[in-house]
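Coordinate inspection notes
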Amino acid sequence: MAILVTGGLGYIGSHTVVELLNNGFEVVIVDDLSNTERFILNNIEEITGKKPVFYPFDLRRKELLTQVFDAHQIDGCIHFAAYKAVGESQIRPVDYYENNLFSLINILQEFKAREISNFIFSSSCTIYGQAEVMPITEKTPLKLPESVYGKTKQMGEEILIDFAKAYHRKISLLRYFNPIGAHPSGKIGELPIGVPSNLVPFVMQTASGVREKLNIWGNDYATEDGTAVRDYVYVVDLAKAHVAALKKLIDDSSADSLIDIYNLGTGNGSSVLEVVKAFEKANNVEVPYQICARREGDITIAYADPQKAQKELNWKSETSLEESLRTVWEWQKYLNTRS
Ligand code: NAD
Ligand code: WQD
């Protein structure tokens, strides 16, 4: 079966392509390289011994996308491609709405025209905002996200739900918590493009001396050590969840339900300080930090209830925080050899 993977050379996409290839799927990648680099494609081939088909173009170019669907018998899509920086989305809202929504709609137009089903969407825990009760289940009420980025994810989900109902196609909305780590081969991971806003890439760069200090955004939260708590899920585990979700869409072709929704996290919350300490312990390095004021828009605590994914996808995250953080350091070492 051939699966279109948009954003397949990006962070989560590249790990998922590896798992798809290892599971015998044919993969067709569309990625405009706006937030990644071409060497990731070669490294996917080194890891798997297989070369996915790759088209380097922007999904907003509808005519090129149509050509891909004409050239390949596409059986499903995992749609990762999007802009994802929360802070940037506030100052470039039109670009975020345009890229994240038009790209999605262009693919759905092709699906609609060709009777293709099986669509997996990269959604985010950001659409729950600060939930009242932990852990967060799929039934936890959604809040209107504060960021433009978050709104594009909530709108994307709504568009897909309407699409599934109107055209009777199967979709899966995967709400990731905080993905971290890199492939155990050390050959693919999150590329450090620009100044990272996410915690783990910043920790990685601080430990390696690229940044002087980590700024910890607030230690006056109502948590055990005062720093904010998140659910950090290992990217290879997350990638495997996509294969499980895809197989369920494909195998369950007679099922009544058209819309699958899963929270993908570990079920455990870790504070910022716990992440820093775990990184230091896992890699035997120091991470200098200073406590700063809270970051605007941040919430206190979020962690998933992953039981639905465990029950229906037979998936659960298996990799510890420390082990995940060890792979981050291996990836940094690999990047050092390239510079
Ligand atoms: P990423 O930036 O590493 O990957 C996205 C890829 O899509 C990049 O390679 C980029 O070049 C490509 N791309 C972007 N716009 C494109 C376009 N118009 N046409 C073709 N290619 C395009 O991001 P990621 O961390 O791998 O995230 C993947 C998806 O998961 C995104 O939709 C993101 O919003 C979502 N998500 C990410 C996180 C996270 O913390 N990383 C959490 C929840 C959800
Ligand atoms: C984690 C914790 C920070 C950087 C974001 C998006 C969310 C999702 C995942 C896409 C917070 C603290 C961070 C730093 C710090 N992405 N921190 N110093 O904010 O939970 O979620 O990424 O969908 O939508 O909002 O992740 O990694 O930015 O922060 O103290 O330099 O680390 O305040 O408590 P977040 P994050």
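Reading guide: rules and limits
Residues numbered from 1 in each chain as written. Chains lettered and ligands numbered in written order. Predicted model: local features only at pLDDT ≥ 70, side-chain atom pairs only at ≥ 80, totals over all residues. Heavy atoms only, no water. Axes fitted to C-alpha atoms, helices over the stretch in contact; angles between N-to-C directions. Helix = DSSP H or I, 4+ residues; strand = E, 2+ residues; numbered from the N terminus. Parallel < 35°, antiparallel > 145°, perpendicular 65-115°, else oblique. Left-handed = near helix turned anticlockwise from the far one by under 90°. Contact = heavy atoms within 4.5 Å. Nonpolar A, V, L, I, M, F, W, Y, C, P; charged D, E, K, R; others polar. Buried < 20%, exposed > 50% of the residue type's maximum accessible area, 1.4 Å probe, protein only. Pairing = 2+ DSSP bridges. Core = buried A, V, L, I, M, F, W, Y, C linked by side-chain atoms within 4.5 Å. Domains from an automatic or database assignment. Near = heavy atom within 4 Å. Polar contact = N/O pair within 3.5 Å; in protein donor to acceptor, adjacent residues only side chain to side chain. Areas by Shrake-Rupley, 256 points an atom, 1.4 Å probe, with all protein chains shown as cover.

Moving on to the packing of helix α7 (residues 199–207) against helix α11 (residues 321–338). Each pair of packed helices can be described by the angle between their axes along with the distance between the axes. It is the contact of α7 with α11, at a shortest axis distance of 10 Å, that shows an interaxial angle of 55 degrees. When the axis of α7 is compared with that of α11, the two are oblique. For the pair α7 and α11, the crossing hand works out as right-handed. Across the interface between the two elements, Val 200, Met 204 and Ala 207 of α7 pack against Leu 325, Val 328, Trp 329, Trp 331, Gln 332 and Leu 335 of α11. Looking at the contact of α7 with α11 residue by residue, the classes come out as eight nonpolar, one polar and no charged.

This part covers the pairing of strand β8 (residues 214–217). Burial along β8 is one-sided: the residues Leu 214 and Ile 216 are buried and none of Asn 215 and Trp 217 is. Sheet analysis places β8 next to strand β13 (residues 289–292), joined by four bridges and oriented parallel. Note that in β13 the partner of Trp 217 across the bridge is Cys 292.

Counting residues in hydrophobic clusters, the biggest one holds 65 residues, and the most contacted among them are Leu 264, Phe 279 and Trp 331. With nine residues, helix α8 (residues 235–251) is the single largest residue contributor to this core. Counting the residues that make up this core, at least three belong to each of domain 1 (2–181 + 232–265 + 309–313) and domain 2 (199–229 + 267–304 + 319–334). For Leu 264, the residues in contact, after removing those within four places along its chain, are Leu 174, Arg 175, Tyr 176, Phe 177, Val 233, Leu 238, Ala 241, Ala 309 and Trp 315. Counting residues in each nonpolar core, the second largest holds 26 residues, with Val 28, Leu 104, Phe 119 and Leu 173 among its members.

A few words now on the site of ligand 2. Neighbouring ligand 2 are 19 residues; Ser 124, Tyr 149, Asn 215, Arg 230 and Asp 298 lie closest to it. At a separation of 3.0 Å, an oxygen atom of ligand 2 approaches a polar side-chain atom of Asn 178. Taking Ser 197, its main chain carries an N or O atom lying 3.3 Å from an oxygen atom of ligand 2. Expressed as a share of its isolated accessible area of 680 Å², the protein-covered part of ligand 2 is 88%. For the shell around ligand 2, the secondary structure elements donating two or more residues are α7 and β8. Of the residues forming the shell around ligand 2, the biggest block, four residues, is contributed by β8. Taken together, the residues that form the shell around ligand 2 break down as 10 nonpolar, six polar and three charged. Here the shell around ligand 2 gathers at least three residues from each of two domains, domain 1 (2–181 + 232–265 + 309–313) and domain 2 (199–229 + 267–304 + 319–334).

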